[in-house]
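# Structure at a glance
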Amino acid sequence: MLNKWLKRIGLVMLVAATAIMAQAAQAKELRILAWQGYADDDWVKEFEKQTGADVSVVFIGTDDEIWAKIKGSEGKDFDLFAVNTAQLQRYIDAGLTTPYDLSKIPNLKEALPRFRDLTQVNGVMRDGKVYAIPLCFDSIGLIYDTDKVKPAPTSMEVLWDPKYKGKVLAYDNGEHNFSFTALTLGIQDPFHLTPEQMEQVKAKLIALKKNVLSFYTTADEALQIYQNNDVALIWANYGQQQVKAMTDAGAHVAYVNASEGALAWLDTWAMTSGVQDKDLAEQWVNFVLQKKIGQQLSERTGFGNTVVPAPSAGDKDKLVWLQMVEDPLKRSDMWNEIKAAP
């Protein structure tokens, strides 16, 4: 009788243990915070099928929103988040990130040459540890109307050409305008300008105003102005995404990255300090570094991806990755002075 009772207890315990293990397996979850286009439904479903995990994705619209959500929970509400290399630094400073084990991301070996060796990618490493894996990027180049601008330009200096007076669209943002103009002037570090360099750039931007038809803030606004006016050149803050929208609308345009260097942003996957399943998070990053997904990302968004060549930049294009600038408020104030200048 005692043996039967012990066997029955043992069986109950075995069933209970199995149920707990099954429940634990079912509870495997990956929590992602990302921009639209970085975790599409078909990719999520395929990853869930491969891993048996549940993936929840929250989409964001601004850098400030990312910071609020990650900092607000001290990294505990998400496992992975998409962040550009310039913004990443404050997350590392605040202890909100976890470094990667690159042996868990074999697809990185198939990345494009400029993204393969992470020691050569500015901003993704700190103290010998990798805190971010590059996902996608875009340059901030020059769009030109192929019917109106000949020969094809190679430098942003064309924006100051008197023959294009009243035919230039410029982006309404002091931070980026100071940086690209600094590059045009041959300044090596466009993100940390001296007071003398700031005045030099300011004078150059005031001169640019003579050619500017209008300033725009969104890609849709730029397209509308282009369609209703005689526009030859556009400083393309939205890069290939902007080109795609214009060509889809029938515009005869082409795109070039300036020979002096084109500003560019690089978005990455970073793991939070509160990551619950580090292996699962690294599996996702490895998963999205597949060539087919990189190709789909570029086709759907217009952005360049880090594994398959895309129009955003050729191998010989000089890209200058965005960094935090010396004084955003000062640049903003000076930009308002430039716009108000006669």
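Everything that follows concerns the structure shown earlier in this document.
Report follows, based on the coordinates. For every chain, the first residue of the written sequence is number 1, and numbering continues from 1 onward in sequence order. At least 70 in pLDDT is required for a residue's local features to be given in this predicted model, at least 80 for side-chain atom pairs to be given and counted, and no such filter applies to totals for whole chains, interfaces and linings, which use all residues. Note that the side-chain values use all heavy atoms of the structure and ignore hydrogens as well as water.

### Some points on helix 10 (residues 278-288)
Inclusion rule: Burial classes follow relative accessibility: with a 1.4 Å probe on protein chains only, a residue under 20% of its type's maximum area counts as buried, one over 50% as exposed, and anything between as partly exposed. To qualify as a helix, a DSSP run of H or I must reach at least 4 residues; to qualify as a strand, a run of E must reach at least 2; elements of each kind are numbered from the N terminus. A contact between two residues is defined here by any heavy atoms of the two lying within 4.5 Å.
Extensive coverage of helix 10 is indicated by the burial of eight of its 11 residues. Looking at the buried residues of helix 10, the elements they touch are strand 1 (29-34), helix 2 (41-51), strand 3 (80-84), strand 7 (133-140), strand 13 (262-272) and helix 11 (291-301).

### Some details on the environment of Gln-295
Relative to the helices and strands, Gln-295 is located in helix 11. Owing to a relative accessible area of 33%, Gln-295 belongs among the partly exposed residues under this scheme. Dropping the residues within four chain positions of it, Gln-295 is found in contact with Asn-305 and Val-308.

### Some points on unusual backbone geometry
That bond from Lys-150 to Pro-151 is cis: its omega, 0 degrees, falls within 30 degrees of zero. Within the secondary structure, Pro-151 is located in the loop between strand 8 (142-145) and strand 9 (168-171). Non-glycine residue Glu-74 carries a positive phi angle of around 50 degrees. On the secondary structure map, Glu-74 appears in the loop between helix 3 (63-72) and strand 3. The residue Asp-127 is not glycine, and still its phi comes out positive at about 55 degrees. Among the secondary structure elements, Asp-127 is positioned in the loop between strand 5 (125-126) and strand 6 (129-130).

### Things to note about the pattern of salt bridges
Let me state the cut-off plainly: Note on definitions: salt bridges are taken to be side-chain nitrogens of Lys or Arg within 4 Å of carboxyl oxygens of Asp or Glu.
Applying the stated criterion across every chain yields a total of 15 salt bridges. The residue Asp-230 makes a salt bridge to Lys-148 at a minimum N-O spacing of 2.9 Å. Of this pair, Asp-230 sits in the loop between helix 8 (219-228) and strand 11 (233-235) while Lys-148 sits in the loop between strand 8 and strand 9, placing them 82 residues apart in sequence. For Asp-230, a relative accessible area of 38% puts it in the partly exposed group.

### A word on the nonpolar core
Threshold: The criterion is simple. A nonpolar core is a set of buried Ala, Val, Leu, Ile, Met, Phe, Trp, Tyr and Cys residues joined through side-chain atoms within 4.5 Å.
Core analysis: the biggest nonpolar cluster contains 113 residues, and Leu-80, Leu-159, Leu-233, Trp-269 and Trp-284 have the highest contact counts within it. For this core, the element with the highest residue contribution is strand 13, accounting for eight residues. The residues touching Leu-80, leaving out its near neighbours within four places in the chain, are Leu-30, Arg-31, Ile-32, Leu-33, Tyr-100, Trp-269, Ala-270, Met-271, Thr-272, Ala-281, Trp-284 and Val-285.

### Section: the side chain of Asn-286
Mapping Asn-286 onto the fold places it in helix 10. On the basis of relative accessibility, which here comes to 15%, the residue Asn-286 falls in the buried class. Residues within four places of Asn-286 in sequence aside, it is in contact with Lys-104, Ile-105, Pro-106 and Asn-107.

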